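# Residue-level structural notes
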Amino acid sequence: MVVGLGVDIVEIDRMRTALARRSRMKQRLFSEEEQWYCEHKAQPEIHYALRFAAKEAVLKALGTGFSGMKFLDVEVARDERGRPYPRLYGAAKEYADTMGIVEMHLSLSYTQTTAVASAVALTEQARPKANVKPSTREELAREFKELRALLDNLDSDSDPESDNLINDAEEVARDDEKQAGVA
């Protein structure tokens, strides 16, 4: 199931100003990998703002905010296709494990002025089940309901042929139920 959803917005100009004023801010807030990624972009402040928003969104999805967490407990990484995802460390990882969170999704976007991140935390129950087929009993029950709805919609009073069709369909459904042990 979905355990949490987090969204955060950061003003890019504010991030630019903060980075210029505080020389150690990058080291305190961002991992070496995050710093390398941002510094190799044409406008690093956009990517720092995105990563800061992502850290906040992830911790909101966990339901903790920064309470008891460090900025470096959440790192924004990229998979082989370039899709961002959070890596959790320290208190954030421990908390996620305690909550049964097995997967987190992250989305990043920006305009000229703002960076936005959203995060979703999922447990095992939220994952889709791979090709789970219904049992014979469940399948027969579904088919019976479909046939029953079809038969209910037929106007049996006006057409004797419809009566025969209804009787045949009901007989087939009863035979299927008996064969499956539903009756």
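### Concerning the packing of aromatic side chains
Applying the stated criterion across every chain yields a total of three aromatic pairs. For the pair Phe 30 and Tyr 48, a centre-to-centre distance of 4.9 Å together with 55° between the ring planes defines the contact as tilted. Here the residue Phe 30 occupies a position in the loop between helix H2 (25-29) and helix H3 (32-39), and Tyr 48 occupies one in helix H4 (residues 44-62), the gap between them amounting to 18 residues. The rings of Phe 52, Phe 66 and Phe 71 are connected pair by pair, giving a single aromatic cluster.

### Considerations on the pattern of salt bridges
Taken as a whole and judged by the stated rule, the model has eleven salt bridges. Linking Glu 45 and Arg 16 is a salt bridge whose minimum nitrogen-to-oxygen distance equals 2.9 Å. You can see Glu 45 sitting in helix H4 and its partner Arg 16 sitting in helix H1 (residues 12-21), a full 29 residues away along the chain. Residue Glu 45 is classed as buried on the basis of its relative accessible area, which comes to 13%. Looking at Arg 16, the relative accessible area reads 37%, which means it is partly exposed. Across the pair Glu 34 and Lys 55 runs a salt bridge, and its minimum N-O distance is 3.2 Å. Within this pair, whereas Glu 34 is found in helix H3, its partner Lys 55 is found in helix H4, the two being separated by 21 residues in sequence. Salt bridges sharing partners connect three or more residues here, namely Asp 13, Arg 16 and Glu 45.

What counts and how
- Residues numbered from 1 in each chain as written.
- Predicted model: local features only at pLDDT ≥ 70, side-chain atom pairs only at ≥ 80, totals over all residues.
- Heavy atoms only, no water.
- Phe/Tyr/Trp six-rings, centres within 6.5 Å; stacked < 30°, edge-to-face > 60°.
- Helix = DSSP H or I, 4+ residues; strand = E, 2+ residues; numbered from the N terminus.
- Salt bridge = Lys/Arg side-chain N within 4 Å of Asp/Glu carboxyl O.
- Buried < 20%, exposed > 50% of the residue type's maximum accessible area, 1.4 Å probe, protein only.

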